[in-house]
Structures are given as structure tokens and as C-alpha cells.
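Observations on chain architecture
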Amino acid sequence: MPENVKNYPIPSIQRLPVYLRFLKEQRLKGETGVSCTQIAEELGQLSVQVRKDLAITGISGRPKVGYQIDDLINAIEVFLGWNRTTRAFLVGAGSLGSAILGYRGFVSFGLEIVAAFDLDPEKLGKTIHDCPVWPIGEIIDMGRGQKIDIGILTVPAPAARAVANLLVDVGVRGIWNYTPVRLELPEHVVCEQVKLSESFAVLSRAITAQ
């Protein structure tokens, strides 16, 4: 993982979208300012934690005044890179891949999935949620001449490493890995592993223990 990512606490980065959603709700209500205490009370956090989380974006609040909401929204979006378009290829247009393609919230994050890829002949040449589906063998040709930032990996586990290598060859700088496979990637490629089974295990244990 690049040093500029390692230097920031991952839990703090993960909380920023929660703050951002709250701030945009407040802006829709006509509010123009907000304090760490207000954010903390609304979201069940400690005020000192909110202040530390927001500080990683480089913005500073004014004592007893707080932040201008527009400035704070901008600071978070710039820090996360959500103020620009991030182009992605999705590989694996099955149930999970289709659900990701259908999630409209990615637009507000600046994520644009420009093409999907699959092996299933019944999916090829069709569109899923307005996204065209191409043969996996077309990844290299499709990526040539385009700036593709991220590969979203939703293929069956046995195909994960081979497809990840294709995405690296396209020039992606990050892979969003929804498979359970640990990928061997060049140092310059960031991998975010989505641990669905581990997350469900925690939830399942919690309700089992009730």
C-alpha cells in the first residue's frame, strides 16, 4: 500500500463518508455551519474523534464556531478524490457485479464504471444498468488508450488472479477485490479486499449470542 495511504488511520478514512452524508443532509436543510460536537452527537461519536478524523483532510475548524459546511464538504471530497472522476472496469457481471453496476450512489463519489466484462455468452453484447458487457478477452484492447483507475473484481475465486493480472496490464492503480482470494500485485497497485464473509460472521455471531 502506498505510503500516502499508510500515513492515515484507516478507521478515520472509513468514517469520512458518514460525515459527508450528514453534512450534505444538513446543507439540504439550509444549514451553513457545523461543529464537531454537533456531528458527534448526531452520529454517536466522540467529539475529539470527529475532530481528529476531520483534521486528516487538512481543514481546521474555528474555536466555538466550527466549520463552514461547504468548505468541510469540499475538504473531504478532495481528500478522498471524490471531486474528480475515477474510471473503472468491472469484471464479473453476475449477481454481485450486476448489483454494483446498479448502485447509483457511486455517481456522487465520482466513480464511473465504463465497461463490464464476463465469460457468460448470454451476457455478452448486452447492457446491465446501462453498462455494456464485453468478453473478458477484450480487457486489454478496451483498456488501451483509456485511463482506467480501478478494477472491480467480482469473478469466481479460481479466476481472480488471472483477471487481476489483466487489470494490472491495463494500468489500473487499484483493485476493489470482492473475491476471497489474496492477490499478488505490484507495489504500486493498491488492493482493497471486501471481506463479505468476515463481516457476515461478526453479524451472525452477534445475533446468535442474543
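Details of the structure are given in the entry above.
Throughout this document, residue positions are counted from 1 along each chain, in the order its sequence is written. For a predicted model such as this one, the threshold for reporting local features is a pLDDT of at least 70, and the threshold for listing and counting side-chain atom pairs is 80 or more; totals across whole chains, interfaces and linings nevertheless cover every residue. Working from all heavy atoms in the structure, the side-chain values ignore hydrogens and water.

1. Things to note about the overall build of the protein
Note on conventions: DSSP H or I runs of at least 4 residues are helices, E runs of at least 2 residues are strands, and numbering of each starts at the N terminus. Secondary structure summary: the protein contains nine helices and nine strands in total. Projecting the C-alpha coordinates of the protein onto the three principal axes gives extents of approximately 60 × 50 × 35 Å. A separation of at least 24 residues holds for 57% of the contacts in the protein among residues at least 6 apart in sequence. Side chains of the protein give 22 positive and 22 negative charges; the mean places of these two sets differ by 5 Å. Any two residues whose heavy atoms approach within 4.5 Å are treated as being in contact. When charges are counted, Lys and Arg are positive and Asp and Glu negative, with His and the chain ends excluded. Throughout, a charge is located at the NZ atom of Lys, the CZ atom of Arg, the CG atom of Asp or the CD atom of Glu.

2. Looking at the sheet that holds strand β3 (residues 86-91)
With mixed pairing, the seven strands of this open sheet are ordered in space as β5-β6-β4-β3-β7-β8-β9. Each edge of the open sheet is held by one strand with a lone partner, namely β5 (127-128) and β9 (190-193). Working convention: axes come from line fits to C-alpha atoms, limited for helices to the stretch in contact. Angles between N-to-C directions cover 0 to 180 degrees. Contacts from helix α8 (residues 160-170) reach β3, β7 (150-153) and β8 (174-177), with the element oriented near 165° to β7. Strands are treated as partners if at least two bridges between them are detected by DSSP.

3. Some points on a nonpolar patch on the surface
Each patch groups residues whose relative accessible area exceeds 30% and which form no salt bridge, using 9 Å between like charges and 5 Å between nonpolar side chains of Val, Leu, Ile, Met, Phe, Trp and Tyr. In these tables, accessible area is a Shrake-Rupley quantity obtained with a 1.4 Å probe, and a residue counts as shielded only by the protein chains included in the view. When a carboxyl oxygen of Asp or Glu is within 4 Å of a side-chain nitrogen of Lys or Arg, the pair counts as a salt bridge. Together, F200, L203 and I207 make up an exposed nonpolar region whose accessible area comes to about 330 Å². Structurally, I207 is set in helix α9 (residues 196-208).

4. Let's talk about the packing of aromatic side chains
Any two rings among Phe, Tyr and Trp, with Trp reduced to its six-membered ring, count as a pair given centres within 6.5 Å; such a pair is stacked if its planes are under 30 degrees apart, edge-to-face if over 60, and tilted if neither. Under the definition given, this model contains seven aromatic pairs. Ring geometry for W82 versus F109: centroids 4.3 Å apart, planes at 25°, classification stacked. With W82 in the loop between α5 (69-80) and β3 and F109 in the loop between α6 (95-101) and β4 (111-118), the pair connects residues that are 27 residues apart, well separated along the chain. Only protein chains enter the accessibility calculation, which uses a 1.4 Å probe; a residue is then buried when its area is under 20% of its type maximum, exposed when over 50%, and partly exposed in between. Relative accessible area serves as the criterion here: at 21%, W82 is assigned to the partly exposed category. For the ring pair F89 and F117, a centre distance of 4.8 Å and an interplane angle of 65° mean the geometry is edge-to-face. Of this pair, F89 sits in strand β3 while F117 is found in strand β4, placing the two residues 28 residues apart along the sequence. Exposure class is identical for F89 and F117. Each is buried. The rings of W82, Y103, F106, F109, W176 and Y178 are connected pair by pair, giving a single aromatic cluster.

5. Quick word on the packing of helix α2 (residues 10-28) against helix α4 (residues 47-55)
The N-to-C vectors of α2 and α4 enclose an angle of 100°; their axes lie 9 Å apart at closest approach. By the criterion of interaxial angle, the relationship of α2 to α4 is roughly perpendicular. For the pair formed by α2 and α4, the contact residues are S12, R15, L16 and Y19 on the first element and Q49, V50, D53 and L54 on the second. Should an angle fall under 35 degrees it is taken as roughly parallel, and over 145 as roughly antiparallel, whereas 65 to 115 is taken as roughly perpendicular and any remaining angle as oblique.

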